[in-house]
Amino acid sequence: MTANLSARLAAAPVVPLIGENDPARAVKTAAALAAGGLSVIEVVLRSADAQAGMEAILAETEGLIVGAGTVLTLDQAKSVRASGAQFIVSPGLVDEIAIYCRDEGIAFFPGTMTAGEVQRAYALGLREVKFFPASLAGGVPMLKAFSAVFRDMRFMPTGGISASNLPEYLALPSVIACGGSWLTPPDAVEAEDYTRITRLAAEALTIARSAR
């Protein structure tokens, strides 16, 4: 993980997810999140134009660290890297993506939910991974168990994270940040209620700082 990304996550350990299919709305959503104090953003590739949205955010905003999420294949990893992604997130651990990102010098957060997957990530040289889906994979108790065994590993829980349980996760020293889509509710994005998105981001940042 780059020093810049590490410093940003230390200051604001919350990574909002943007899954907007409209590049213009993706840019406005990213700007609203930044206005609330969150500057590390994951654009999830769950729609046809999501990558175009990521490219638009990179081109039309300043000061953000923008990554690509839901990257499933090596070809996708190469494509988003060419588009300017500054980190890559996958729902699972794929060796060839991990090796590619290592060779490219780009941060990679593969999804893990078992001890075997975390150990495999460790063997590949990774020291930061996504814990996904956090709420279904055992939540805080599972992370505590992993942290006792994998003492050098750090986790980014995603999936089932909300303002209500954010403090529990961030209280764990092994948690580098939490990712979540609660910061970008579909109805708020659809209605272009960017004031609400900024408010949710600011609330999450306040909670995060209190937890740390």
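Quick caveat, the model's predicted, so the values are computed rather than measured.

What counts, and at which threshold
Residues numbered from 1 in each chain as written. Predicted model: local features only at pLDDT ≥ 70, side-chain atom pairs only at ≥ 80, totals over all residues. Heavy atoms only, no water. Helix = DSSP H or I, 4+ residues; strand = E, 2+ residues; numbered from the N terminus. Expected span 1.5 Å × (residues − 1). Buried < 20%, exposed > 50% of the residue type's maximum accessible area, 1.4 Å probe, protein only. Arc of directions from axis to C-beta. Contact = heavy atoms within 4.5 Å. 1 Å grid on protein atoms, 1.4 Å probe; cavity = no way out; pocket = protein on both sides within 12 Å on 5 of 7 lines; lining within 4 Å. Points joined across faces, edges and corners; volume = space filled by probe spheres on them. Nonpolar A, V, L, I, M, F, W, Y, C, P; charged D, E, K, R; others polar. Pairing = 2+ DSSP bridges. Right-handed = clockwise from strand over helix to strand, strands pointing away. Phe/Tyr/Trp six-rings, centres within 6.5 Å; stacked < 30°, edge-to-face > 60°.

> For this particular structure, what's the right way to read helix 10 (residues 194–211)?
For an α-helix the count is 3.6 residues per turn, leaving residues at separations of three or four pointing the same way. For helix 10, spanning 18 residues, the distance from its first C-alpha to its last is 26 Å, which sits close to the expected 26 Å at 1.5 Å a residue. Taken as a whole, helix 10 has its buried residues at Tyr-194, Ile-197, Leu-200, Ala-201, Ala-204, Leu-205, Ile-207 and Ala-208. Buried residues of helix 10, seen end-on, are gathered within an arc of 165° and therefore sit on one face of the element. Exposed residues lying more than 90 degrees from the buried face of helix 10 are Thr-195, Arg-199, Thr-206, Arg-209 and Ser-210.

> Which parts of the structure should I look at to understand the environment of Ile-18?
Following the sequence through the fold, Ile-18 ends up in strand 1 (residues 14–18). Spatially, the C-alpha atoms of Ile-18 and Leu-33 are 9.9 Å apart, while their sequence positions differ by 15 residues. Leave out the neighbours within four places in its chain, and Ile-18 touches Ala-26, Thr-29, Ala-30, Leu-33, Ile-41, Glu-42, Val-43, Val-44, Ile-57 and Thr-184.

> Got a minute to help me understand the layout of surface pockets in this structure?
Regions of empty space are outlined by a rolling probe, equal in size to a water molecule, passed over the atoms. Estimated volume of the largest pocket: approximately 340 Å³. Along its surface, the largest pocket is lined by 21 residues, and Leu-17, Gly-19, Ser-181, Thr-184 and Pro-186 are the ones closest to its centre. Among the secondary structure elements, those contributing two or more residues to the lining of the largest pocket are strand 1, helix 2 (23–35), strand 8 (178–180) and helix 9 (186–190). The element that contributes the greatest number of residues to the lining of the largest pocket is helix 9, accounting for three residues. By residue class, the composition of the lining of the largest pocket is seven nonpolar, 10 polar and four charged. If you add up the space inside the second largest pocket, you get close to 230 Å³. If you go around the second largest pocket, you meet 16 residues; those closest to its centre are Met-1, Arg-102, Ile-106, Phe-108 and Leu-126. When residues of the lining of the second largest pocket are assigned to their parent elements, the largest contribution, four residues, is made by helix 5 (residues 95–104). Looking at the lining of the second largest pocket, its residues break down into 10 nonpolar, three polar and three charged.

> It is not clear to me how the environment of Ile-99 should be interpreted in this structure. Could you clarify?
Structurally, Ile-99 can be placed in helix 5. You can call Ile-99 partly exposed: its relative accessible area is 34%.

> Please clarify how the pairing of strand 7 (residues 154–157) should be interpreted in this entry.
Strand residues, when the strand is regular, have side chains that alternate between the two faces of the sheet. Note that strand 6 (residues 128–131) and strand 7 share four bridges and pair parallel. Across the sheet, Phe-131 pairs through a bridge with Pro-157, a residue of strand 7. This β-α-β element, strand 6 to helix 7 (residues 139–149) to strand 7, shows right-handed connectivity.

> Sorry if this is basic, but what is going on with the packing of aromatic side chains here?
A ring pair, where both rings are aromatic, is described by two values, the distance of the centres and the angle of the planes. Under the criterion given, the structure shown has four aromatic pairs. Seen from their ring centres, Phe-146 and Phe-150 are 6.3 Å apart, and the 70° between their planes marks the pair as edge-to-face. Of the two residues, Phe-146 and Phe-150, both sit in the buried class. Between Phe-146 and Phe-155, the aromatic rings sit 6.1 Å apart at their centres with planes inclined by 25°, giving stacked as the arrangement. By relative accessible area, Phe-155 is classed as buried at 0%. Put simply, the rings of Phe-131, Phe-146, Phe-150 and Phe-155 touch in pairs and so form one group of aromatic residues.

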